[in-house]
Amino acid sequence: MENLSVSDAQQCVLDSVSVLGVEPVKLEQCLGRVLAEKVYANRDLPPYDVSAMDGYAVNSADLVNIPASLEIIEDIKAGDMPSRTVLAGLSARIMTGAPVPKGADAVIRVEYTQPLDENKVQMNVAVKPGNDIRMRGEGMRNGEVVLNAGTAITPGVVGVLASLKKAQVQVYHRPRVAILSTGNELEDIDDPVDPDKIPNSNSYALMAQLQELGIEPALLGIARDDPAELEEYLLRGLRFDVLLVSGGTSVGVHDYVRPIIESLGVQMKFWRVAMKPGHPLAFGITKDTFVFGLPGNPVSSMVCFEEFVAPAVRRMMGNTSLYRRTLTARVTHDIKHQSGRTEFVRVTLDVHEGSYLATATGAQGSGMLLSMARADGLMVVPAASTGLSAGEQVTVQLLGGSFFQDVPGF
Ligand code: AMP
Ligand code: MG
């Protein structure tokens, strides 16, 4: 199989995966999930015209000549129903959220009035009809579609669902994901430190990338570069919806992962993508499982997750937006690049005079995990590029769901 471009490989992965099934979850547990049903408004909100302020419900025509003195006929609190009509020359004291009484066509804020005695108030400004009234149904109208399937559930969406009294909502399943690391040289987190070994970081970095997507993966541990042991571990992994295998997908004589998964019935879709880091990426499918053979180099593994696994998993979970947000920045230094592969340079971002500046996070070797730990984003150097000069515009893919900064910025 020849090298695929990043976008062809992405397309191949996304064409292979589809949205999983649906399950009900309680409102309290739905944050971060994706709505799998259309949600309709079940009432008008507000249910009647209400006051937007504490003040007086009046006829705006009475306030043409100000100051004007009006009789107070009633006190209306939120939750009360008005009992009288506000005729010309009359007013009703009204609180925020209380129904506007019949007759009145405007509310005047208490700050613009002055009490004269218990039953009389002076209005000091004129107001237009509709002033400080929230109209019936302006928030939502009975029967209208307020949320569509595919909506990512944010705190704002939870608020809307609560106003619709949806104590339970239909959401898409999250895939069950397993992570397997491979390599004789690896020691796991609980093993005693052996100075000759390489600590298994990939299982945990991948775990964290999945947790960012709201998925709690199963960690299958470390399989030795031994065909029989690998087969046993891979069989376990194939019981999941998605299996991430780290390492052993390259061309070394002990890189057994690809031949063994093929012997277990995985249909290989591609191997090798024209990217840096992340070249020896493999992707295969069975009837029930998507298998990603991720390169063992820690940065490669994480970058391949970002570019291929995350969009696939997001699609499975019902998301319609699959990709990280990108922004345009200026690179602060030259970047050497040999054309042929798309390169993902780990960068920090700063803002200077209204533009973003991207600076590489030090040495960019595919084993240098600190370059990833320090990064705000991945700067994309297109495959055709022959290098970038300081000041050139670049596209940066943000890492992290939101882009936080160290000052408020306004
Ligand atoms: P491989 O893809 O198996 O040829 O491994 C490439 C490089 O990544 C080697 O230097 C491995 O030691 C390293 N590596 C493989 N798996 C892991 C892992 N789980 N954690 C950290 N480094 C790893
Ligand atoms: Mg290996």
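Throughout, residues of each chain are indexed from 1 in the direction in which the sequence is written. Here chains are named by letter from A upward and ligands by number from 1 upward, in the order in which they appear as written. Local features in this predicted model are restricted to residues of pLDDT 70 or higher, and side-chain atom pairs are both shown and tallied only at a pLDDT of 80 or more, whereas totals for entire chains, interfaces and linings draw on every residue. With hydrogens and water stripped out, all remaining heavy atoms of the structure feed into the side-chain values.

Honestly, the pairing of strand β6 (residues 90–94) in this entry has me stumped. Any pointers?
The side chains of a regular strand alternate between both faces of the sheet. Burial classes: relative accessible area under 20% of the type maximum marks a residue as buried, over 50% as exposed, and values in between as partly exposed (1.4 Å probe, protein chains only). Helical segments are the DSSP runs of H or I of at least four residues, strand segments are the runs of E of at least two, and each set is numbered from the N terminus. Of all 5 residues making up β6, 4 are buried, and the element is well covered by its neighbours. Note on pairing: two strands pair once DSSP finds at least 2 bridges between them. Sheet topology places strand β4 (residues 55–58) next to β6; 3 bridges connect them, and they run antiparallel. The residue of β6 that forms the bridge with G55 is I94. Across 5 bridges, strand β5 (residues 68–76) lies against β6 in parallel orientation. Considered in β6, the bridge of D75 is made with R93.

Mind showing me how you'd approach the side chain of S385 here?
By the element assignment, S385 lies in the loop between β25 (377–381) and β26 (393–398). Exposure remark for S385: the relative accessible area of 11% places this residue in the buried category. Of the polar contacts made by the side chain of S385, one reaches the backbone nitrogen of G387; its length is 3.0 Å. The contact definition used throughout considers only heavy atoms, calling two residues in contact when any of these lie within 4.5 Å. The residues touching S385, leaving out its near neighbours within four places in the chain, are H337, Q338 and S339. Think of a polar contact as two N or O atoms within 3.5 Å of one another; within protein, one of them needs to be a possible hydrogen donor and the other a possible acceptor, and neighboring residues in sequence only count if both atoms come from side chains.

Got a minute to help me understand the sheet that holds strand β18 (residues 267–271) in this structure?
The strands making up a sheet associate through hydrogen bonds between their backbones, and the pairing can be parallel or antiparallel. Strand order in the open sheet formed by 6 strands is β16-β13-β17-β21-β20-β18, with mixed pairing between adjacent strands. In the strand order of this sheet, the two ends are held by β16 (218–223) and β18, each with one partner. Each neighbouring strand pair of the sheet contributes to a mean axis angle of 15 degrees, computed without reference to strand direction. Pairing analysis gives 4 bridges linking strand β13 (residues 177–182) to β16, with the strands arranged parallel. Its bridge partner being in β16, I179 is matched across the sheet by L219. Helix α6 (residues 298–316) contacts β17 (242–246) and β21 (290–294) of the sheet and is inclined by roughly 170 degrees relative to β21. Every angle, taken between N-to-C directions, lies between 0 and 180 degrees, and every axis is a line fitted to C-alpha atoms, over only the stretch in contact when it is a helix.

Even after reading the chapter, I still don't get the sheet that holds strand β9 (residues 120–123), so can you show me in this structure?
The 6 strands are arranged β7-β4-β6-β5-β9-β8 in an open sheet whose pairing can be described as mixed. Each edge of the sheet is formed by a strand with only one pairing partner; in this case those strands are β7 (106–109) and β8 (113–117). Across the sheet, the mean angle from the axis of one strand to that of its neighbour is 40 degrees, orientation sign disregarded. Pairing analysis gives 4 bridges linking β4 to β7, with the strands arranged antiparallel. Residue pairing across strands places Y56 opposite I108, the latter belonging to β7.

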